[in-house]
Amino acid sequence: MENYHKSKILAILIGILPLIFEFSSNIWKGDNGFFIVSAAYGLVLLLLALSIPIEDLDQWFLEKTLSLLSVFLALAVVLNNLDIFPLSEIGALYQLTIISYMGILYFLDRHFNAKNLVLLLLNLNILAQLPIKAGTLLILIISVLTFVFYLIRVVVTFSEQLRPFLLCVYLIVLLISLVWYVPELPDFVLKNLSWSIGSIILLIEIIGSIFYLKVKGHLRPTSHLIVGIIIFLIVNEISMLVAESNVLNTSYLVLIFILSLSIVNIFGNISLGKKQVKISVLIPAYNSAKTIVEALESIKNQTYQNWEIILINDGSQDETEKILRRYLGNTKLPLKYTKQTHHNYFKAIRHGLKYASGEIIFVLDADKILFNQNVFYRAVSTILGEKCDGMFVGIRAMYQRLKDGKFHLVRPYYRNEVSLIKTALGLGTNIYTNYAFWRREIFETSVYENYLINGMPAWYNAENNLGLRVVNGNFVGLKYRVSKKVNLGDNPLKQNNSKTLFELSTNLRTLHHIVSRINVPAYSTQATLYNLISRLHIASLYPSIFKQGQTSLKKITPLVVKNIKDSELDNVYLKTIVDFSNNFDPQKTAKIVIPKGTKIYWGTEIDEFSNKLSKNMLDQFYYDLMKIISQGTTIYKIKKDDQKKLEQILEFFTIRDYVKIISN
């Protein structure tokens, strides 16, 4: 987390570059003052950037940096319009705006939301107020390239799915650029050589960033990297030429180096071990006789053919196995079949993972089908296109008679604390999805522990209280069946408003982990406002208010349970958690002894625990422990050999981060 906060500081320092440029030029008149301040500030940026692990210079850092840059560029223009600080470094501001404009156009593709639309409008407004000769020509070039490359990905390579709203935005931007463009280039005259010196340095920096990544870690050039670097280089070389700088701008050159490191890191630092990776598709099937064949057919028809299927019969009581064997008798598939006796979705996935040999893991429920024949191809193209832990896929409803319903693209994912806060304000509900393609090493570690063991969102890492590096695939990957049209809200897989005990416990576990290290002031008020803004589909604009610290469970846990229908408050497990929150005592101590042979439950085994609880069949240890927890006990003393067991038990009761364990 320390490095994560360092990258936030670097993004802020880069964001305020426009104000640094303007203040230095207005306070210290002349080029010398600007050069000295730019050089000193550039050195600070460089030293900070080199102190941050390269993996933290990722796409979320890049988008955050460009977002802040856009805001402060707009502020500089506002100060000029108010006659507070006149624009004295128009060329430097133009170069920064071009970088910001180009980046936001790209991130609209990755994260199409209200925030990026607002930032695009900001950048267009800034460019309109910077009188640079031939500047409109470069804006037009960027707009044309953006539009053409999007069409190529949709129509030629099929690596993206057509999104009409995004296409309309790109088309509007292109038309604006055409309206702005006037044939200024013949009148353009170079007056100095500083731009050429800067251009040579810029080229050296981009090459240097590639070598830096080569030294720091494995670098595998891809078509995404090559095309991205060429466009980035050309646009910035032209912007330096157009800006006609009278003095070498050191801070700008350092910024280019940092952004080059990010671009090469995102698109080049990629390794899955093979040129063509294999996808292992895990299918947990429970009473799936009516749907399993259609699911297998959707895999068989994929254009990308390097895959295997691991089908786990999850204790089915119908003819699933009989129909499967009949189908496989007539159709040859690379399929491994295994089964377990008792039905448990998460246990089935864990069991099937033992047989997987692919570099990418994907879980396909037996009652769902792949959207079309290009899903695997697009997934591999996205995962190999940039460094990430996994990739979300969109979902589409499929009504009776296989009539398609509404698209449900996953909301833009950000790996930052704001995503955690919005999850907390949503009462711990997963605001994204668990349907994703995962790199195997991530699935076997973080996803396994947090999702398959404890039932929390697959993208969440409780160990560092931060999200994984997951990207939006921005295409529909799955279809699921519903009998009639329903209002699905944020989570398209919910068909009613009631919550199961499993959902309640995992929501509370996720919520408690997040707020144990983040203080959310006025939680109830913020939750109400966020819910309202989310319904208007502008959640990206919600100004989350939080700070480092801890939120009192007394303010949130009873509220969560109170606001959920059919919450089964008579359930002793839930009542224990609520009582702990209300009676929280930082001084209360208890000595714990775990009898040998006591079963340790995981979060995904809550139904088994609840079933035994209702039948009074639990080990006596749990009845005694629930009384201790209900009293708000926060200090637990236990033998060292049993510490890990107690940690898992307290994790099961969702309070692990709010207690202290003393072993001896």
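None of the values given here were measured: they were computed from a predicted structure.

It is not clear to me how the sheet that holds strand β16 (residues 660-663) should be interpreted in this structure. Could you clarify?
Sheets are built from strands paired through backbone hydrogen bonds, the pairs being either parallel or antiparallel. Here we have 3 strands laid out as an open sheet, ordered β14-β15-β16, and parallel in their pairing. Looking along the sheet, the strands with just one partner apiece sit at the ends: β14 (585-591) and β16. The sheet shows a mean angle of 25° between the axes of neighbouring strands, taken without regard to direction. Pairing analysis gives 4 bridges linking strand β15 (residues 633-638) to β16, with the strands arranged parallel. If you follow I638 over to β16, its bridge partner there is S663. Strand contacts of helix α23 (residues 620-630): β14 and β15, with the helix running at about 135° to β15, the strand carrying the most contacts.

Which parts of the structure should I look at to understand the packing of helix α12 (residues 292-300) against helix α13 (residues 320-330)?
Axes are the key here: two packed helices are described by the angle between their axes and the distance separating the axes. At a minimum axis separation of 10 Å, α12 and α13 run at an interaxial angle of 35°. In this structure, α12 meets α13 at a crossing whose hand is right-handed. Two secondary-structure elements touch here, α12 through I292, V293, L296, E297 and K300 and α13 through I323, L324 and Y327. Grouping the amino acids of the contact of α12 with α13 by side-chain chemistry returns 6 nonpolar, no polar and 2 charged.

Explain a nonpolar patch on the surface to me, please; I cannot follow it from the model alone.
A cluster of nonpolar side chains, namely I141, V144, L145, V148, F149, L151, I152, V155, V156 and V227, defines an oily patch on the protein surface of about 700 Å² accessible area. For the nonpolar patch, the element with the highest residue contribution is helix α7 (residues 135-156), accounting for 9 residues. Mapped onto the elements, I141 comes out in helix α7.

What is the right way to read the pattern of salt bridges from this model?
Note that side chains of opposite charge can pair when their charged atoms are close. If you walk through the whole model with that rule in mind, you get 21 salt bridges. Between D109 and R163 there is a salt bridge, with the nearest N and O atoms lying 2.2 Å from each other. Pair noted here: D109 is in helix α5 (residues 90-110) and R163 is in the loop between α7 and α8 (164-180), with a separation of 54 residues, a long-range link. Using a relative accessible area of 4% as the deciding quantity, one classes D109 as buried. With relative accessibility at 9%, the residue R163 sits in the buried group. Note that K336 and E308 form a salt bridge whose closest N and O atoms lie 3.4 Å from each other. Within this pair, whereas K336 is found in strand β3 (residues 335-340), its partner E308 is found in strand β2 (residues 307-314), the two being separated by 28 residues in sequence. Here E308 falls in the buried class, since its relative accessible area comes to 4%. Several salt bridges converge on common partners, so that one network encompasses D56, D58, R415 and R469.

Calculation rules
Residues numbered from 1 in each chain as written. Predicted model: local features only at pLDDT ≥ 70, side-chain atom pairs only at ≥ 80, totals over all residues. Heavy atoms only, no water. Pairing = 2+ DSSP bridges. Helix = DSSP H or I, 4+ residues; strand = E, 2+ residues; numbered from the N terminus. Axes fitted to C-alpha atoms, helices over the stretch in contact; angles between N-to-C directions. Contact = heavy atoms within 4.5 Å. Left-handed = near helix turned anticlockwise from the far one by under 90°. Nonpolar A, V, L, I, M, F, W, Y, C, P; charged D, E, K, R; others polar. Patch = residues over 30% accessible without salt bridge, like charges linked within 9 Å, V, L, I, M, F, W, Y side chains within 5 Å. Areas by Shrake-Rupley, 256 points an atom, 1.4 Å probe, with all protein chains shown as cover. Salt bridge = Lys/Arg side-chain N within 4 Å of Asp/Glu carboxyl O. Buried < 20%, exposed > 50% of the residue type's maximum accessible area, 1.4 Å probe, protein only.

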